[in-house]
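So the chains spell out like this:
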Amino acid sequence: MYVLETYKLKGSKNMAVDVTLGQVANELNDVILRFYTWERPTLSLGKHQKASDVDFDYLEENGFDIVRRPSGGRAVLHWDEVTYSIVVPRGHELFKLGVLELYNLISKIIVAGLNKLGYPVELTTGKNKPSSHICFQVPSAYEITLNGTKVVGSAQTRTQDYILQHGSIVLVPHEEIKHCFKNTKTLDIPLIGLYDYAYNEFSQIVENLKGAFENYFGKGREFDEDLQTKVLEISTAFEKNFVAIKDEILAKE
């Protein structure tokens, strides 16, 4: 397993890097684990999620970015969080797992990492039907909750060459997510973050999560400077695919 950490990148660059890692993982013939954050609060929409209800004026007034993810699922407002992604190349044994099987495995690893820090997070087993655009409204199967409320939201995408799963591990929840859409401003959405339970340094949380993944995949290898530079350069070509400009989004719907 290779490990990459990239912090405070803009939304389109973050999504472009995740996609680029799919190509790189096949070249390395190994799993890649990445931890990252965002340059500014960023609303991410699922690949097929309609944007007609997005309050673009609100986003602009508050300086929020917006991107469309390569993965499915519903909207997430990335802010005070640890964002992770894991890429499985086609030659790896986990590439054969089904969507929920892999989702379950990765969720269990994250639970183990957070439990070791003292966070009593748990894995859900049942399915809940969402009633809004917002990812954190209700947990679905194999998602992670804290005191019964969803605290980690993840999504997955699959190609013939790789599987990408990425997700938001909330540190501090923000009710601003409700105001990013016209029809959810008065919606009652239970929100929770790890810091509602206990504070740990960001770096300590990342190290514990990394350790949990290493317990499964073996000792992680850090990206050297040349490989990291290569990833960032290649990702430039993909960035335009994730820039979510209002006119372009609405024109496709």
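Residues numbered from 1 in each chain as written. Predicted model: local features only at pLDDT ≥ 70, side-chain atom pairs only at ≥ 80, totals over all residues. Heavy atoms only, no water.

Colleague: Provide a residue-level description of the pattern of salt bridges, including the pertinent values.
Modeller: Oppositely charged side chains are able to pair whenever their charged atoms sit close together. Per the stated rule, a full pass over the model turns up 13 salt bridges. The shortest N-O distance in the salt bridge between Arg90 and Asp161 comes to 2.7 Å. Here Arg90 is found in the loop between β6 (80–89) and α3 (99–116), whereas its partner Asp161 is found in the loop between β9 (149–158) and β10 (162–172), with 71 residues between them in sequence. Since its relative accessible area comes to 29%, Asp161 is described here as partly exposed. Taken together, the shared-partner salt bridges in this structure form one network comprising Glu5, Glu207, Lys210 and Glu222. (Salt bridge = Lys/Arg side-chain N within 4 Å of Asp/Glu carboxyl O. Helix = DSSP H or I, 4+ residues; strand = E, 2+ residues; numbered from the N terminus. Buried < 20%, exposed > 50% of the residue type's maximum accessible area, 1.4 Å probe, protein only.)

Colleague: Explain the sheet that holds strand β3 (residues 42–45) residue by residue, including any values.
Modeller: Taking strand neighbours across the sheet as the criterion, the 3 strands line up as β4-β3-β5 in an open arrangement whose pairing is mixed. On the outer flanks of this sheet lie β4 (65–68) and β5 (76–78), each paired with one strand and no other. The sheet shows a mean angle of 25 degrees between the axes of neighbouring strands, direction not considered. Bridge count between β3 and β4: 4 bridges; the pairing is parallel. Bridged to Leu43 within β4 is Ile66. (Pairing = 2+ DSSP bridges. Axes fitted to C-alpha atoms, helices over the stretch in contact; angles between N-to-C directions.)

Colleague: Please provide a residue-by-residue account of the side chain of Thr157, values included.
Modeller: Tracing the chain through its elements places Thr157 in strand β9. A residue is classified by how much of its surface remains accessible, and Thr157, at 13% relative accessible area, is buried. If we skip the residues at most four places from it in the chain, Thr157 touches Pro70, Ser71, Tyr162, Ile163 and Leu164. (Contact = heavy atoms within 4.5 Å.)

Colleague: How would you summarise the environment of Tyr58 if you had to cite specific residues and measurements?
Modeller: Summarising the element assignment, Tyr58 is placed in helix α2 (residues 56–62). Separated by 122 residues in sequence, Tyr58 and Cys180 place their C-alpha atoms 6.4 Å apart. Beyond its immediate stretch of four places on either side in the chain, Tyr58 contacts Phe64, Glu176, His179 and Cys180.

Colleague: Go over empty space enclosed by the protein with me, naming the residues and quoting the values.
Modeller: According to the stated counting rule, one finds 2 cavities of 30 Å³ or more in the structure shown. In this structure, the second largest cavity is lined by Tyr84, Tyr103, Ser107, Ile110, Tyr142, Glu143, Ile144, Val152, Ser154 and Gln165. When contributions to the lining of the second largest cavity are tallied by element, the ones reaching two or more residues are α3 and β9. Looking at the lining of the second largest cavity, the element that brings in the most residues is α3, giving 3 residues. For the lining of the second largest cavity, the per-class residue count stands at 6 nonpolar, 3 polar and 1 charged. (1 Å grid on protein atoms, 1.4 Å probe; cavity = no way out; pocket = protein on both sides within 12 Å on 5 of 7 lines; lining within 4 Å. Points joined across faces, edges and corners; volume = space filled by probe spheres on them. Nonpolar A, V, L, I, M, F, W, Y, C, P; charged D, E, K, R; others polar.)

Colleague: Go over the sheet that holds β10, please, and point to the residues and values.
Modeller: Read from one edge to the other, the open sheet built from 8 strands follows the order β7-β8-β9-β10-β6-β2-β1-β11, with strand pairing classed as mixed. If you trace the sheet from one side to the other, it starts and ends with β7 (121–123) and β11 (221–222), each paired once. Docked against the sheet, α3 engages β6, β7, β8 (144–146), β9 and β10, running at close to 160 degrees with respect to β7.

Colleague: An account of the packing of aromatic side chains is requested, with residue identities and associated values reported.
Modeller: Each aromatic ring pair is characterised by the separation of its centres together with the angle its planes make. Counted under the stated rule, the structure contains 9 aromatic pairs. Between Tyr7 and Phe202, the aromatic rings sit 5.6 Å apart at their centres with planes inclined by 80 degrees, giving edge-to-face as the arrangement. Highlighted residues: Tyr7 in strand β1 (residues 2–9) and Phe202 in helix α5 (residues 202–217), separated in sequence by 195 residues. Take Tyr7: its relative accessible area is 33%, and that puts it in the partly exposed class. One Lys or Arg, Arg34, reaches over the ring of Tyr36 and ends 3.6 Å from the middle of that ring. Directly above the ring of Tyr58 sits Lys185, whose terminal nitrogen or CZ lies 5.2 Å from the centroid. (Phe/Tyr/Trp six-rings, centres within 6.5 Å; stacked < 30°, edge-to-face > 60°. Lys NZ or Arg CZ within 6 Å of the ring centre and 35° of its normal.)

Colleague: Please give an account of the pairing of β9 that cites residues and values.
Modeller: The buried fraction of β9 amounts to 9 of the 10 residues, a majority that puts the element mostly inside the structure. One ladder, built from 3 bridges, connects β8 with β9; its direction is antiparallel. What sits directly across from Leu146, in β9, is Thr149. Once β8 ends, the chain turns through 2 residues before running back antiparallel as β9, passing Asn147 with a positive phi of about 55 degrees. Where β9 meets β10, 7 bridges bridge the pair, whose relative direction is antiparallel.

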